[in-house]
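Observations on the three-dimensional arrangement
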Amino acid sequence: NHLQSASRVINPKNTLPILDNFLFKLEGQKLEITASDLETTLVTNIMLENASDEGTVAIPARILTESLKEFSDQPLAFDINTDNYNIVISSENGQFSIMGLNGDDFPLLPQIKKEKEVSFVATSEALLSGISNTIFAAAEDELRPVMNGIFFELTDKALNFVASDAQKLVRYKRLDIKAEESGASFILPRKPASILKSILAKEQDQIRVSFDDKNAFFTFSDYRLVCRLVEGVYPSYNSVIPVNNPNKLI
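Residues numbered from 1 in each chain as written. Predicted model: local features only at pLDDT ≥ 70, side-chain atom pairs only at ≥ 80, totals over all residues. Heavy atoms only, no water.

1. Digging into the side chain of threonine 34
Note the threshold: Numbering of helices and strands runs from the N terminus, with a helix taken as a DSSP run of H or I at least four residues long and a strand as a DSSP run of E at least two residues long. The criterion used for residue contact is that any of the two residues' heavy atoms lie within 4.5 Å.
Along the chain, threonine 34 falls in strand 2 (residues 30-36). Aside from chain neighbours lying at most four places away, what touches threonine 34 is Asn21, Phe22, Leu23, Thr41, Leu42, Val43 and Phe106.

2. Considerations on the packing of aromatic side chains
Operational definition: The aromatic pairing rule takes the rings of Phe, Tyr and Trp, using the six-membered ring of Trp, and pairs them if the centres are within 6.5 Å, calling planes under 30 degrees apart stacked, those over 60 edge-to-face and the rest tilted. Exposure is judged per residue with a 1.4 Å probe applied to protein chains only, and the accessible area is read against the type maximum: over 50% gives exposed, under 20% gives buried, and values in between give partly exposed.
Following the criterion strictly, the structure yields eight aromatic pairs and no others. With 6.3 Å between their ring centres and 70 degrees between their planes, phenylalanine 151 and tyrosine 237 make a pair best called edge-to-face. Taken as a pair, phenylalanine 151 in strand 10 (residues 149-154) and tyrosine 237 in the segment after strand 16 (223-228) lie far apart in primary sequence, 86 residues in all. Like tyrosine 237, phenylalanine 151 is buried. Pairing phenylalanine 186 with phenylalanine 211 gives two aromatic rings, centres 4.5 Å apart and planes at 50 degrees, and the pair type is tilted. Of the two residues, phenylalanine 186 is situated in strand 13 (residues 185-189) and phenylalanine 211 in strand 14 (residues 206-211); the sequence distance between them amounts to 25 residues. Joined through ring pairs, the aromatic side chains of Phe152, Phe161, Tyr172, Phe186 and Phe211 make up one cluster.

3. Things to note about the pattern of salt bridges
Counted only if it meets this: Here a salt bridge means any side-chain nitrogen of Lys or Arg lying within 4 Å of a carboxyl oxygen belonging to Asp or Glu.
All chains considered together, the criterion is met by 13 salt bridges. A salt bridge links arginine 174 to glutamate 125, with the nearest nitrogen and oxygen atoms 3.1 Å apart. A residue pair is termed long-range when its members are at least 10 positions apart, and arginine 174 in strand 12 (residues 169-174) and glutamate 125 in helix 3 (residues 124-132) qualify at 49 residues. Take glutamate 125: its relative accessible area is 48%, and that puts it in the partly exposed class. The residue arginine 190 makes a salt bridge to glutamate 140 at a minimum N-O spacing of 3.9 Å. Here the residue arginine 190 occupies a position in helix 4 (residues 190-200), and glutamate 140 occupies one in the loop between helix 3 and strand 10, the gap between them amounting to 50 residues. Residue glutamate 140 is classed as exposed on the basis of its relative accessible area of 70%. Residues joined by salt bridges that share partners form a network here, namely Lys113, Lys116 and Asp213.

4. Structural notes on the sheet that holds strand 13
To keep it simple, the criterion reads: A pair of strands is treated as paired once DSSP finds two or more bridges between them. Between N-to-C directions, angles cover 0 to 180 degrees, with each direction set by a line fitted to C-alpha atoms, over the stretch in contact for helices.
Pairing is antiparallel in the open sheet, where four strands are placed in the order 12-11-10-13. The open sheet has two edge strands, strand 12 and strand 13, and neither has a second partner. Strand-to-strand twist in this sheet, taken as the mean axis angle between neighbours without regard to direction, amounts to 20 degrees. In this sheet, strand 13 lies alongside strand 10 in antiparallel orientation, the contact comprising five bridges. By the bridge assignment for strand 13, isoleucine 150 is matched with leucine 188. Here helix 3 sits on the sheet and contacts strand 10, strand 11 (159-164) and strand 12; the angle it forms with strand 12, its principal contact strand, is near 170 degrees.

5. Quick word on the environment of threonine 34
Here threonine 34 falls in the buried class, since its relative accessible area comes to 7%. Remark: the alpha-carbon pair of threonine 34 and leucine 109, spanning 75 residues in sequence, is separated by 9.6 Å.

6. Remarks on the packing of helix 3 against helix 4
Where we set the bar: The cut-offs work like this: below 35 degrees is roughly parallel, past 145 is roughly antiparallel, 65 to 115 is roughly perpendicular, and the gaps in between are oblique. In this scheme the crossing of two helices becomes right-handed for a clockwise turn of the near helix relative to the far one and left-handed for an anticlockwise turn of less than a right angle. Under the scheme applied, nonpolar residues are Ala, Val, Leu, Ile, Met, Phe, Trp, Tyr, Cys and Pro; charged residues are Asp, Glu, Lys and Arg; polar residues are all the others, including Gly.
For the pair helix 3 and helix 4, interaxial distance at closest approach is 9 Å and the crossing angle is 140 degrees. Here helix 4 runs oblique to helix 3, going by the angle between their axes. The chirality of how helix 3 crosses helix 4 is left-handed. Residue-level contacts link Ser124, Leu127, Leu128, Ile131 and Ser132 of helix 3 to Ala193, Leu196, Lys197 and Leu200 of helix 4. When the residues that make up the contact of helix 3 with helix 4 are grouped by side-chain class, the tally is six nonpolar, two polar and one charged.

Laid out in structure tokens, this is it:
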């Protein structure tokens, strides 16, 4: 389940070969799995029942996910040779081996600039509702990249989710999410928005959202999604919403 969520991040045409892999990082009993396409990175954690030694290895994503489908629901043992990165996966029915890569070649996670950081906390239901009610209206326009995502606008009264493709415009307000710093905003691209939507559907926890002028971090209990934001100024959407409509239908 964790790998399926992470595999949605991987781009089928990566510029860096290392990005075709999952990064496995073992510390104590915690296994951290990372997938990235440089723009979007998903990190997921799994607590293991038994593990020995520590380290990192990059494992080919497509081979691993397709191989795991062949196993029934049973414990698997991963034996990793840190000299040549050969990985032997053993089960009750047999074993197979795949070649991994040096995990040190995997790109590092971006960091948020503390002096520009803005954050808020939302329920998974509120975020899921905001994304689901707006993502369908986001544009796919190469000439106007600021329209290709969901505009998150924080005020002291609500969090506004806005999306438009110039034909239709949606503004969805959540009055149960407020920010310490009013007036902050960011544009979340379509791809991380749709990945978030699929993960949020299974989550029940509070989600912490932190962002600066370049990146946004969404932190869950078992997942952390980091994405590069769309740069630019979102159009003044309020000015195109008519206020004095003479006709109303209830």
